[in-house]
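Observations on chain architecture
Residues per chain are reported as follows:
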Amino acid sequence: MQNLQLQLADILQYDQFQSAECMTGNTNRLVKWVHIIENSAVGHLMKEHELILTTGMGIHKDVDTFERFLDELIAKNCAGLCIEYGRYVQSIPTTILQKAKKHQFPIVVFHKEVSFSDITQEVHRQIISHQYQLIERLEAYTHTLSKASLTSNRPEALLEVLVEAIGGQCILQLTDEKAVYYPKCDAAKKARLEKEAPLIKEILLLSQQYGQLKWYGLHSGIESLFLERTALFIAQIILRKLYSIEKETVAQQLWKQDWLEGRLSKSEILQHLEKEHERIRIKQMTVLYVNVANGQLEGQEGFDDVYFTLYARNVFEKRGFTICTTNHQEHYYMIIFNQRDEASMMTRLREAVLKIKKIFKTDTVTRIATGKTVESVEDVPTAYETARTTMHIRKVLQTTDCLYEDVLLGHMILNLQQTMDVEQVMTQYLGPLIAYDEKHSSELIPTLRAYLATNCSKQETAQKLYIVRQTLYHRLKKIEELIGMDSSEPHHRMMFEMMLYVKEFIEKSSKIHE
């Protein structure tokens, strides 16, 4: 493509360089700015692609100073060094030319006096002109990409537009898909390409990598911008396709609600699953319950159900899960199938759930919850019910824990309430302490809770309660007198910890019902 960035070779054609001679180096170097330097001590302040003009006033006294200055310019990858022959410099030392030649660093000399200000003015004008041309070229290219993306739903179609604009060879590699080469090439050329270093741009969908766009060719410095625009439009095409597919999927989800509510037989469930998922591993499953009431997603003004489902699917699939989704009004349910090893399932599930939580601008403790993990499609209704129960427990306890396993004690209490009077058992254990606290405005219950939470460490308990140890000893003695047993003994400790949890659960449940 036409080079839209200024090179040293272009500058050497200017009128101001009629008396100039390039002594050594590669003149294809990019020039992004020009500086006039007469002090060798500021060489370290130069930047990449800057062209240096000098009369040699700061480097003519000895070769060592000249060489140190040259080393700094080479290290900074400057565009070149232009020296005016005259009062300070009449020739370039051989050692300097040898070093410049070794590094392909350009040294240009003026055999006649020139106006450095005229040179800087002209070069800067050309740099700005090239920038305007580049912007215009990019705008025109973006317009062409836009038209191509609207007339075709194939990402490969944009590869032709890219190669037409900048030439070279490009490869589109999307996740779990075969690489697409444009122009097409044989095995021998593919092997040669593997040995080259391409420009690479990621294809990003919903902040997740979906593939890569690679380009091979001669770099002039601007191909990266064209590649970036192309990758963006390819992502938009893919997103439109996925959005359309997801929209159809959402519309065909009624059978899943029947499955969750236990109205389908095993054969009916498997028949539906085979239609939607050709290769699905049915081993471990759970249900994710998401309450999207008043939900607002990051990057969105409101809540787009298709966008949310597409995002969630992407998050779970990246972590080895397949999902089936269904929703009823403001309640979303995702049946999650583990497709990888069983040992790492909980870790991966936790990562995915936390990622889903973060997409909401405002999170509440009643936003998201998971159910029990099951191994049969017939037991998915159990996962569904326990997901709803997890949501209830989160609401009661106002906890950030959202996985079934994190609030298992809450599930146990609710199950126990169906077969026995849990409150009566709690009163049997904690009743004397509750009554004493109410009568004397004391804090025996909080003291017992802190004592058990610190593994019965008296020092840590005193620090946690901000009391002196003598006060703690007095309280622990009174607790033991009232309950008639040592709460630090393993069996007693387990029961008291559970009863304290029951007390908290019952009290918070009562407040909600009020």
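Looking now at the pattern of salt bridges. Evaluated as defined, the whole model comprises 11 salt bridges. Of the charged contacts in the structure, one is a salt bridge between Glu351 and Arg319, with a shortest N-O distance of 3.8 Å. Linking Glu351 in helix H11 (residues 345–358) with Arg319 in the loop between helix H10 (305–318) and strand S11 (321–328), this pair joins segments that are 32 residues apart in sequence. Take Glu351: its relative accessible area is 44%, and that puts it in the partly exposed class.

Judged by nonpolar contacts, the single largest core of 32 residues is most densely connected at Leu430, Leu433, Leu448, Ile479, Met499, Val502 and Phe505. Broken down by secondary-structure element, the contributors of at least two residues to this core are helix H12 (380–397), helix H13 (408–417), helix H14 (422–440), helix H15 (444–453), helix H17 (469–483) and helix H18 (490–513). For this core, the element with the highest residue contribution is H18, accounting for nine residues. Excluding residues that lie within four positions of it along the chain, Leu448 makes contacts with Leu430, Leu433, Ile479, Ser487, Phe496 and Leu500. Core analysis: the second largest hydrophobic core is formed by 29 residues, Ile166, Leu174, Ala231 and Ala235 among them.

Moving on: the sheet that holds strand S7 (residues 180–182). Strand order across the open sheet formed by four strands is S7-S6-S9-S8, with antiparallel pairing between neighbours. Looking at the sheet topology across the chains shown, the edges are occupied by S7 and strand S8 (199–205). Taking the axes of each pair of neighbouring strands and ignoring which way they run, one obtains an average angle of 20° across the sheet.

Turning next to the environment of Val422. Looking at the element boundaries, Val422 is found in helix H14. Classification of Val422 by relative accessible area gives buried; the value is 6%. Each C-alpha atom of the pair Val422 and Ile506 lies 9.4 Å from the other, and the pair is 84 residues apart in sequence. If sequence neighbours within four positions are ignored, Val422 has contacts with Ile413, Leu416, Gln417 and Val502.

To characterise two packed helices, one gives the angle between the axes of the helices and the distance between these axes. The geometry of H12 relative to H13 is characterised by a closest axis approach of 10 Å and an angle of 105° between their N-to-C directions. Overall, the two elements H12 and H13 adopt an arrangement that is roughly perpendicular. Between H12, through Thr386, Thr389, Thr390, His392 and Ile393, and H13, the contact on the second element is made entirely by Gly410, His411 and Leu414.

We now examine the side chain of Thr286. Note that Thr286 resides in strand S10 (residues 285–291). A residue is classified by how much of its surface remains accessible, and Thr286, at 1% relative accessible area, is buried. Residues in contact with Thr286, not counting those within four places in the same chain, are Met334, Ile335, Ile336, Met345, Leu349, Gly371, Lys372, Thr373 and Ala383.

All chains considered together, the criterion is met by 10 aromatic pairs. Seen from their ring centres, Tyr289 and Tyr333 are 4.9 Å apart, and the 15° between their planes marks the pair as stacked. Here Tyr333 lies in strand S12 (residues 331–338) and Tyr289 lies in strand S10, a separation of 44 residues in the sequence. Per residue, the accessibility class of Tyr289 equals that of Tyr333, and both read buried. Where Phe316 meets Phe321, the ring centres are 5.9 Å apart and the plane angle is 85°; that geometry is what we call edge-to-face. As far as burial versus exposure is concerned, Phe316 and Phe321 are alike and both buried.

Let us now look at H11. With 14 residues, H11 ought to run about 20 Å at 1.5 Å a step, and its terminal C-alpha atoms sit 20 Å apart, in line with that. Buried within H11 we find Met345, Arg348, Leu349, Ala352, Val353, Ile356 and Lys357. Buried residues along H11 sit against S10, H10, S11, S12, strand S13 (368–370) and H12.

Here we come to unusual backbone geometry. Look at the link from Tyr182 to Pro183: it is a cis peptide, with omega at -10°. Backbone geometry at Gln104 places phi at a positive 55°, although glycine is not the residue there. With respect to the helices and strands, the residue Gln104 is situated in the loop between helix H3 (94–102) and strand S5 (107–110). Given a relative accessible area of 42%, Gln104 falls into the partly exposed group. The backbone of Asn455 shows a phi angle near 60°, a positive value even though the residue is not glycine. On the secondary structure map, Asn455 appears in the loop between H15 and helix H16 (458–465).

A volume near 1100 Å³ is recorded for the largest pocket. Every residue lining the largest pocket is counted, 36 residues in all, and those nearest its centre are Tyr210, Leu242, Ile245, Arg313 and Glu317. Going through the elements one at a time, helix H7 (223–251), helix H8 (254–260), helix H9 (266–276), H10 and S11 are the ones with two or more residues in the lining of the largest pocket. Looking at the lining of the largest pocket, the element that brings in the most residues is H7, giving six residues.

Moving on: the environment of Arg388. Positionally, Arg388 belongs in helix H12. According to the relative accessible area criterion, Arg388 is partly exposed, its value standing at 37%. C-alpha of Arg388 to C-alpha of Tyr333: the two residues are 55 residues apart in sequence and 9.8 Å apart in space. In this structure, Arg388 is in contact with Tyr289 and Tyr333, ignoring residues within four places of it in sequence.

Another point: a nonpolar patch on the surface. On the surface, a cluster of nonpolar side chains totalling about 310 Å² of accessible area is made up of Ile128, Tyr132 and Ile135. Turning to its location among the elements, Ile135 is positioned in helix H4 (residues 116–151).

Before going further, it helps to spend a moment on the pairing of S12. Summarising burial for S12: seven of the eight residues are buried, a large majority. Direction of pairing for S10 relative to S12: antiparallel, over a ladder of seven bridges. Across the sheet, the residue bridging to Asn291 is His331, located in S12. Pairing between S11 and S12: eight bridges, direction antiparallel. Note on S12: the bridge partner recorded for Ile323 is Ile336.

Cut-off values and rules
- Residues numbered from 1 in each chain as written.
- Predicted model: local features only at pLDDT ≥ 70, side-chain atom pairs only at ≥ 80, totals over all residues.
- Heavy atoms only, no water.
- Salt bridge = Lys/Arg side-chain N within 4 Å of Asp/Glu carboxyl O.
- Helix = DSSP H or I, 4+ residues; strand = E, 2+ residues; numbered from the N terminus.
- Buried < 20%, exposed > 50% of the residue type's maximum accessible area, 1.4 Å probe, protein only.
- Core = buried A, V, L, I, M, F, W, Y, C linked by side-chain atoms within 4.5 Å.
- Contact = heavy atoms within 4.5 Å.
- Pairing = 2+ DSSP bridges.
- Axes fitted to C-alpha atoms, helices over the stretch in contact; angles between N-to-C directions.
- Parallel < 35°, antiparallel > 145°, perpendicular 65-115°, else oblique.
- Phe/Tyr/Trp six-rings, centres within 6.5 Å; stacked < 30°, edge-to-face > 60°.
- Expected span 1.5 Å × (residues − 1).
- 1 Å grid on protein atoms, 1.4 Å probe; cavity = no way out; pocket = protein on both sides within 12 Å on 5 of 7 lines; lining within 4 Å.
- Points joined across faces, edges and corners; volume = space filled by probe spheres on them.
- Patch = residues over 30% accessible without salt bridge, like charges linked within 9 Å, V, L, I, M, F, W, Y side chains within 5 Å.
- Areas by Shrake-Rupley, 256 points an atom, 1.4 Å probe, with all protein chains shown as cover.

Functional significance is not addressed by these values, which are geometric in nature.
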